[in-house]
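Spelled out from the first residue to the last, the chains are:
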Amino acid sequence: MPTIYDFHPALPDQTPASLEQYRGQVLLVVNTASKCGFTPQYQGLESIYKQFKDQGVTVLGFPCNQFGGQEPGSAQEIGAFCERNYGVSFPLFAKINVNGDQADPLFRYLKTAAPGLLGSKSIKWNFTKFLIRKDGSVYKRYAPATKPQDLLADIQKLLAE
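Quick caveat: nothing in here was measured; it's all calculated off a predicted structure.

Rules of the game
Residues numbered from 1 in each chain as written. Predicted model: local features only at pLDDT ≥ 70, side-chain atom pairs only at ≥ 80, totals over all residues. Heavy atoms only, no water. Helix = DSSP H or I, 4+ residues; strand = E, 2+ residues; numbered from the N terminus. Polar contact = N/O pair within 3.5 Å; in protein donor to acceptor, adjacent residues only side chain to side chain. Contact = heavy atoms within 4.5 Å. Expected span 1.5 Å × (residues − 1). Buried < 20%, exposed > 50% of the residue type's maximum accessible area, 1.4 Å probe, protein only. Arc of directions from axis to C-beta. Disulfide = S-S within 2.5 Å. Pairing = 2+ DSSP bridges. Axes fitted to C-alpha atoms, helices over the stretch in contact; angles between N-to-C directions. Phe/Tyr/Trp six-rings, centres within 6.5 Å; stacked < 30°, edge-to-face > 60°.

Chemist: Would you mind showing me how to read the side chain of Asp154 here?
Modeler: Position of Asp154 among the secondary structure elements: in helix 4 (residues 152-160). At 2.6 Å, the side chain of Asp154 forms a polar contact with the side chain of Tyr142. With sequence-adjacent residues up to four places away left out, Asp154 is seen in contact with Leu131, Tyr139, Lys140 and Tyr142.

Given below as structure tokens:
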């Protein structure tokens, strides 16, 4: 059975990045957008990253423009927006698709490993979150409306495993 470490999503400059570098960490994988009603969640995601990065938690952001065209910018524009407005220092990857024939393989895996409500494999909107155990397996999927701070108990539970 694959784990998250089997994937190589592209960085903003389109260079493939092995997720193997995060082996042994708790990961929070999120599809993001800069012009979404949930965009202020960047602040909460950054807070989690700052609070837990020294304990082995990393947030991974994947910009996506599939929902209402809410992530229209280039990789440089997205990165600058996130840093300027929310102080984002966690890793951001290249803009991807999370649904459809062109869906990134990582998100195909995540959706299969942790289906949504009523077993749905599709992602419904920006800021869907996936929490990953230290062994690379998917622990849980969270809805876009779930605030990052609502994941703290689960993050602490996975750190203790």
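Chemist: Got a minute to help me understand helix 2 (residues 75-86) in this structure?
Modeler: Since one α-helical turn is 3.6 residues long, residues separated by three or four positions face the same way. Between its first and last C-alpha atoms helix 2 spans 16 Å; for twelve residues at 1.5 Å apiece the expected length is 16 Å, and the two agree. Every buried residue belonging to helix 2 is among Ile78, Phe81 and Cys82, and all of these are buried. Buried residues of helix 2, seen end-on, are gathered within an arc of 95 degrees and therefore sit on one face of the element. Exposed side of helix 2, more than 90 degrees from the buried face: Gln76, Glu83 and Arg84 are the residues found there. Packing partners of the buried residues in helix 2 comprise helix 1 (41-52) and strand 2 (57-63). Taken from the residues just after helix 2, Gly87 is the one with a positive phi, measuring 65 degrees.

Chemist: I keep staring at the state of the cysteines and nothing clicks. Help me out?
Modeler: Simply put, disulfide is the name for a covalent bond between the sulfur atoms of two cysteines. Inspection of the entire model under this criterion finds zero disulfides. With no disulfide of its own, Cys36 lies 10 Å from the sulfur of Cys64, the closest cysteine sulfur. Classification of Cys36 by relative accessible area gives buried; the value is 8%.

Chemist: Just checking my understanding: could you explain the sheet that holds strand 3 (residues 129-132) for this structure?
Modeler: Strand pairing in a sheet takes place through backbone hydrogen bonds and is either antiparallel or parallel in direction. Read from one edge of the open sheet, four strands run 2-1-3-4, paired in mixed fashion. Across the chains shown, the open sheet's two edge strands, defined by having one partner strand only, are strand 2 and strand 4 (138-142). Direction aside, neighbouring strands of the sheet carry axes that sit 15 degrees apart on average. Relative to strand 4, strand 3 is paired through four bridges, and the arrangement is antiparallel. Within strand 4, the position partnered with Ile132 by the bridge is Val138. Across the sheet, helix 1 is in contact with strand 1 (26-32), strand 2 and strand 3; its angle to strand 2 comes to roughly 150 degrees.

Chemist: When you look at the packing of aromatic side chains in this model, what are you seeing that I'm missing?
Modeler: Two numbers describe a pair of aromatic rings. These are the distance of the centres and the angle of the planes. In total, this model carries ten aromatic pairs according to the counting rule given. Seen in terms of ring centroids, Tyr42 and Phe127 are 5.5 Å apart; in terms of plane orientation they differ by 85 degrees. Their pairing is edge-to-face. In this pair, Tyr42 is assigned in helix 1 and Phe127 in the loop between helix 3 (105-113) and strand 3, connecting sequence segments 85 residues apart. For the pair shown, Tyr42 and Phe127 are each scored as buried.

By themselves, these figures tell us nothing about what the structure is for.
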